[in-house]
Amino acid sequence: GENVEQHPSTLSVQEGDSAVIKCTYSDSASNYFPWYKQELGKRPQLIIDIRSNVGEKKDQRIAVTLNKTAKHFSLHITETQPEDSAVYFCAASWGDDKIIFGKGTRLHILP
Amino acid sequence: SAVISQKPSRDICQRGTSLTIQCQVDSQVTMMFWYRQQPGQSLTLIATANQGSEATYESGFVIDKFPISRPNLTFSTLTVSNMSPEDSSIYLCSVAPGQQQFFGPGTRLTVL
């Protein structure tokens, strides 16, 4: 079945710097790649997603890139702010809406 | 998007007992999903619930332990049966209209 690997497990960046989280997936049939942000004690919230027919998508300070050949995708957060501190999950899905999640990255924004 | 509610929001249970978690969505959806999130861990899919048919369980999860009901297109229940402390976790339901998946607020279960 599908497997999603996520790195790093923990990431600390200085406020204002950029953060990059990387994921790889195993099933070449995967066609949808969402990213979720989960703050402590709250549900995961969808922050950005990309479909397999697109190589890059941007929404203000957040961008996602997809390399289908290499089967990897990345989340980029620029000009990080304290409120960006959270756990981020990548995920992959293929048509039947079932989503498989990566293990998560705990992002710390340092003052 | 979809508005999802879950009941209860949290519970503390004794080992050997069962708890049924309810999930209500504000719109009709074909599939509802049940996830488990253990402390500090990622989300693991338990099963997919389709209206009018038996749920489809992922590897490592069985119907006797996690029976699911799906009586209509806006509601589902997950029962955690014969609980042990290892079942302590957050249980979340979700729906995926248009492939974007939205989560309920979760049910925090503690088994003593």
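Scroll up to find the structure.
Here we summarise the structure given alongside this text. (Residues numbered from 1 in each chain as written. Chains lettered and ligands numbered in written order. Predicted model: local features only at pLDDT ≥ 70, side-chain atom pairs only at ≥ 80, totals over all residues. Heavy atoms only, no water.)

What follows deals with the state of the cysteines. Counted according to the given criterion, the structure contains two disulfides over all chains. Disulfide partner of Cys23 of chain A: Cys90 of chain A, at an S-S distance of 1.9 Å. Taking the torsion about the S-S bond as the criterion, the Cys23 of chain A to Cys90 of chain A disulfide, at about -100°, is left-handed. With Cys23 of chain A in strand 3 (residues 19-25) and Cys90 of chain A in strand 9 (residues 86-93), the pair connects residues that are 67 residues apart, well separated along the chain. In this structure, Cys23 of chain A and Cys90 of chain A share a single accessibility class: buried. A disulfide bridge connects Cys23 of chain B with Cys93 of chain B, and the sulfur atoms are separated by 2.0 Å. Across the S-S bond linking Cys23 of chain B and Cys93 of chain B, the dihedral sits near 70°, which makes this disulfide right-handed. With Cys23 of chain B in strand 3 (residues 19-25) and Cys93 of chain B in strand 9 (residues 89-95), this residue pair connects regions lying 70 residues apart in the sequence. (Disulfide = S-S within 2.5 Å. Helix = DSSP H or I, 4+ residues; strand = E, 2+ residues; numbered from the N terminus. Buried < 20%, exposed > 50% of the residue type's maximum accessible area, 1.4 Å probe, protein only.)

Each partner contributes to the interface: chain A provides 21 residues, whereas chain B provides 20 residues. Both faces combined, the contact of chain A with chain B buries some 1700 Å², and carbon together with sulfur accounts for 50% of it. Across the contact surface, chain A and chain B share six residue pairs in polar contact (both at pLDDT 80 or more). When residues of the side of chain A that touches chain B are traced back to their parent elements, those giving at least two are strand 4 (32-38), strand 5 (45-51), strand 9 and strand 10 (99-101) of chain A. (Contact = heavy atoms within 4.5 Å. Buried area = accessible area lost by both parts, 1.4 Å probe. Polar contact = N/O pair within 3.5 Å; in protein donor to acceptor, adjacent residues only side chain to side chain.)

Once that is clear, we can look at the packing of aromatic side chains. When we look at a pair of aromatic rings, we describe it by the centre distance and by the angle of the planes. Residues and elements named next belong to chain A. Per the counting criterion, the structure on display carries twelve aromatic pairs over all chains. When the ring of Tyr25 is compared with that of Phe73, the centres are 6.0 Å apart and the planes differ by 55°; the resulting orientation is tilted. Pair noted here: Tyr25 is in strand 3 and Phe73 is in strand 8 (residues 72-77), with a separation of 48 residues, a long-range link. Its relative accessible area of 0% is what places Phe73 among the buried residues. Here the aromatic rings of Tyr36 and Phe101 are separated by 5.4 Å at their centres, their planes lie at 55°, and the arrangement is tilted. Of this pair, Tyr36 sits in strand 4 while Phe101 is found in strand 10, placing the two residues 65 residues apart along the sequence. Here the two residues Tyr36 and Phe101 agree in accessibility, since each one is buried. (Phe/Tyr/Trp six-rings, centres within 6.5 Å; stacked < 30°, edge-to-face > 60°.)

Relative to the helices and strands, Gln38 of chain A is located in strand 4. At 2.9 Å, the side chain of Gln38 of chain A and the backbone oxygen of Lys42 of chain A are in polar contact. Discounting residues that sit within four places of it in the chain, Gln38 of chain A has contacts with Arg43, Pro44, Ala86, Val87 and Phe89 of chain A together with Gln37 of chain B.

Moving on, we get to the pairing of strand 11 (residues 107-111) of chain B. The two faces of a sheet get side chains in turn, since along a regular strand they alternate between them. Residues and elements named next belong to chain B. Only one face of strand 11 is buried, namely the one carrying Thr107, Leu109 and Val111, since none of Arg108 and Thr110 on the opposite face is buried. In this sheet, strand 11 lies alongside strand 2 (residues 10-13) in parallel orientation, the contact comprising four bridges. Each bridged residue has a counterpart across the sheet, and for Cys13 the counterpart in strand 11 is Val111. Examined bridge by bridge, strand 9 and strand 11 share three bridges and lie antiparallel to one another. By the bridge assignment, Ile90 is partnered in strand 11 with Arg108. (Pairing = 2+ DSSP bridges.)

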